[in-house]
Amino acid sequence: LCVSFIVRSMLAFVVVVNLLNFSLQIIARNPLAVAVGITSRREYMEKRQPGYASALSLLNNVPHNAKIYFLFEPRSYGMNAYVQPDSINVNFAHDVWLNKTPENMVKSWKLQGYTHVLLSKTGAEFIFKNESFLTPKDELLLRKVETLLIIVGESQSGDYVLYKIP
């Protein structure tokens with residue numbers, strides 16, 4: 001009886017602490033301001049995720065019929081164009097395995113109907129630094145791919161670059 005009381009008390013304490021923590025996080029984020037229209041979605045995004053907001057603004061300049069391929073960017077919410085996010089950050093690794101050369105990679109994207117490529121430079125740096133399936137040789141391949149594409153725009157922070165596939 002005494003042991004079960006202690007265990008139930010500890011569980012209740014953990015649940016209350018987690019609910020309190022979760023509530024404080026929600027209050028700090030203040031999503032209700034967006035829901036009722038006090039703050040615009042754009043302003044909220046710029047405050048909470050400034051880097052991603054700059055990626056969104058880059059994509060505001062693409063044509064309506066653009067099809068955009070993401071490299072090292074798993075998020076795609078709020079995008080107004082057709083996009084292929086890099087949901088588990090392996091688009092580039094898969095393209096290297098499948099196409100072998102930068103020229104073939106760009107040709108493959110074009111054949112699939114993609115018109116633009118959005119590159120997350122911070123995402124690429126993180127993956128190249130922390131994942132064992134990509135090598136320094138693959139990083140050189142990415143640099144070569146970048147030379148084959150046409151820069152359309154770059155975020156102010158330099159974290160994102162939007163390229164057009166020639």
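Residue numbering note: each chain is counted from 1, following its sequence as written. Given that the model is predicted, a residue must reach a pLDDT of at least 70 before its local features are reported, and side-chain atom pairs must reach 80 or more before they are shown or counted; all residues, however, enter totals for whole chains, interfaces and linings. Each side-chain value is derived from all of the structure's non-hydrogen atoms; neither hydrogens nor water enter the calculation.

Colleague: So, the side chain of His116: which residues are in play, and what are the values?
Modeller: Counting from the N terminus, the helices are DSSP H or I runs at least four residues long and the strands are E runs at least two residues long. Topologically, His116 is positioned in strand S3 (residues 116–120). Any pair of N or O atoms that falls within 3.5 Å is considered a polar contact. Within protein, one atom must be able to donate a hydrogen and the other to accept it, and sequence-neighbouring residues count only if both atoms are side-chain atoms. Within polar-contact distance, the side chain of His116 engages the side chain of Thr115 at 2.7 Å.

Colleague: Account for the packing of helix H6 (residues 102–111) against helix H8 (residues 136–148), naming residues and giving values.
Modeller: Only the stretch in contact is used when fitting a helix axis, every axis being a line fitted to C-alpha atoms; angles between N-to-C directions are given from 0 to 180 degrees. Remark: H6 packs on H8, axes separated minimally by 9 Å, with the N-to-C direction vectors making an angle of 55°. In terms of their interaxial angle, H6 and H8 are classed as oblique. The hand of the H6/H8 crossing is right-handed. On the side of H6, the interface is formed by Pro102, Glu103, Met105, Val106 and Trp109, while H8 contributes Leu141, Lys144, Val145 and Leu148. For this classification, the nonpolar set comprises Ala, Val, Leu, Ile, Met, Phe, Trp, Tyr, Cys and Pro, the charged set comprises Asp, Glu, Lys and Arg, and every other residue, Gly included, is treated as polar. In terms of residue class, the contact of H6 with H8 is built from 7 nonpolar, no polar and 2 charged. Working rule for angles: under 35 degrees goes down as roughly parallel, over 145 as roughly antiparallel, 65 to 115 as roughly perpendicular, anything else as oblique. Each crossing gets its hand from how the near helix is turned against the far one by less than a right angle, where anticlockwise is left-handed and clockwise is right-handed. Any two residues whose heavy atoms approach within 4.5 Å are treated as being in contact.

Colleague: Let's hear about the nonpolar core: which residues, and what values?
Modeller: Of all hydrophobic cores here, the largest spans 23 residues; its most connected members are Leu71, Phe72, Phe92, Trp109, Val117, Leu142 and Leu149. Aside from chain neighbours lying at most four places away, what touches Trp109 is Tyr69, Leu71, Asp95, Tyr114, Val117, Val145, Leu149 and Ile165. What is meant by a nonpolar core is a set of buried Ala, Val, Leu, Ile, Met, Phe, Trp, Tyr and Cys residues, joined one to another through side-chain atoms within 4.5 Å. For every residue, the accessible area (1.4 Å probe, protein chains only) is compared with the maximum for its type, and the residue is labelled buried under 20%, exposed over 50%, or partly exposed between those bounds.

Colleague: How would you summarise unusual backbone geometry if you had to cite specific residues and measurements?
Modeller: Negative phi is the rule for most residues except glycine; trans is the rule for most peptide bonds. Despite not being glycine, Phe72 has its phi angle at roughly 65°, a positive value. Among the secondary structure elements, Phe72 is positioned in the loop between strand S1 (67–71) and strand S2 (82–84).

Colleague: I'd like to hear about helix H4 (residues 50–59), residue by residue, with values.
Modeller: Burial analysis of H4 places 7 of its 10 residues in the buried class, the great majority of the element. Burial in H4 covers these residues: Tyr52, Ala53, Ser54, Ala55, Leu56, Leu58 and Leu59.

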